[in-house]
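So the chains spell out like this:
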Amino acid sequence: AMSLRNFPHNPNSGIGGKSSDPWVEFSNIFRSGDQPLPQPWNEIFGPLRRGLVDELMVVGQIGQSLDGRIATESGHSKYINGPAGLTHLHRLRALVDAVVIGAGTAIAYDPQLTVRRVAGQQPARVVIDPNGRLGNKARVFSEDGVRRILVTAEGKSAAAVPGVELVRLPTADGHLSPAAILAALGACGLRRILIEGGADTVSRFLAAGCLDRLHVIVAPIILGAGRPGIALPPVERADQAMRVPMHMHRIDDEILFDCDLSAQRLPVGTAKRST
């Protein structure tokens, strides 16, 4: 396990936008091409630079308690993860082209999905809303110069928001296929994609073989009851469970499990879409 606790420039110790900030240097090199990436962040973020299966790199992110909960039974989750976990999430946002959430998360938490805790580029904001549940006042649709995309089902009415791109996809059993969503985002020119939430959305992409990596940040807290982080179709035997290569990193008082899912990642085909 690598610990970020003792590095002289602790990547979770502050908010920085100055040219002397080593994170700024790292993020610029990360996006610029093939230069070797400096430590300490290369071990964590280097694998996100490019995909091994196709031209996309898709990473899922879950923050949870020691006992695998992402929220209390009432749905309260601010904040299971502390500053270290939240800063890590914002670093992920700063490195990707697009951050994706489901409509349920957009409605429940009304997130901004911006990079605020660290320096970096703002990613495009994408909401998956097959049934047109989300109104046009959601903060993800705020006009701030950042690209915004609403993915919805063919034949459904969707919130008309000036400047928000609309991607319509066919449904299967009332759901949009994760592979079709990724293909559509790829067709929009988005290559590095963060599936941020909620748990249902991350689980659906995981079950569909549509994640290259999964970052699970575990906080030193036990909720005892509440909503689980990942829910997949059941298996009968433990030896049938998904077993994946994993690296563990200490980030202040939280643990990041970086799971390599590239062996089960399915190539994303060509999108069938109408706009």
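Whatever comes next refers back to the structure up there.
Attention here is on the structure that accompanies the text. Since the structure is predicted, the reported quantities are computational estimates derived from the model, not experimental observations.

1. Quick notes on the pattern of salt bridges
Item 1. A full pass over the atoms with the stated rule returns 13 salt bridges.
Item 2. The salt bridge partner of Arg 125 is Asp 144, with a shortest N-O separation of 3.0 Å. Placement of the pair is Arg 125 in strand S5 (residues 124–128) and Asp 144 in the loop between S5 and strand S6 (148–153), with a sequence separation of 19 residues.
Item 3. Judged by its relative accessible area of 1%, Arg 125 is buried.
Item 4. Arg 265 is the salt-bridge partner of Asp 212, the closest N and O atoms lying 3.0 Å from each other. You can see Asp 212 sitting in the loop between helix H6 (199–207) and strand S11 (213–218) and its partner Arg 265 sitting in the segment after strand S14 (254–260), a full 53 residues away along the chain. The residues Asp 212 and Arg 265 share a single accessibility class, namely buried.
Item 5. By sharing partners, the salt bridges in this structure join Asp 54, Asp 212 and Arg 265 into a single network.

2. Considerations on the layout of surface pockets
Item 1. Its volume calculated, the second largest pocket comes out at about 360 Å³.
Item 2. Leu 214, Val 216, Ile 230, Met 242 and Cys 259 are the residues nearest the centre of the second largest pocket, which is lined by 15 residues in total.
Item 3. Of all the secondary-structure elements, those providing two or more residues to the lining of the second largest pocket are S11 and S14.
Item 4. Per-class residue counts for the lining of the second largest pocket are 12 nonpolar, two polar and one charged.

3. What to know about unusual backbone geometry
Item 1. The omega angle of the peptide bond from Gln 39 to Pro 40 is 10°, so this bond is cis rather than trans.
Item 2. Secondary-structure assignment places Pro 40 in the loop between helix H1 (22–32) and helix H2 (42–45).
Item 3. Here the residue pair Gly 197 and Gly 198 is connected by a cis peptide bond, since its omega of -5° sits within 30 degrees of zero.
Item 4. Turning to its location among the elements, Gly 198 is positioned in the loop between strand S10 (192–197) and H6.
Item 5. With a phi close to 45°, Asp 110 is a non-glycine residue in the positive phi region.

Rules used in this analysis
- Residues numbered from 1 in each chain as written.
- Predicted model: local features only at pLDDT ≥ 70, side-chain atom pairs only at ≥ 80, totals over all residues.
- Heavy atoms only, no water.
- Salt bridge = Lys/Arg side-chain N within 4 Å of Asp/Glu carboxyl O.
- Helix = DSSP H or I, 4+ residues; strand = E, 2+ residues; numbered from the N terminus.
- Buried < 20%, exposed > 50% of the residue type's maximum accessible area, 1.4 Å probe, protein only.
- 1 Å grid on protein atoms, 1.4 Å probe; cavity = no way out; pocket = protein on both sides within 12 Å on 5 of 7 lines; lining within 4 Å.
- Points joined across faces, edges and corners; volume = space filled by probe spheres on them.
- Nonpolar A, V, L, I, M, F, W, Y, C, P; charged D, E, K, R; others polar.

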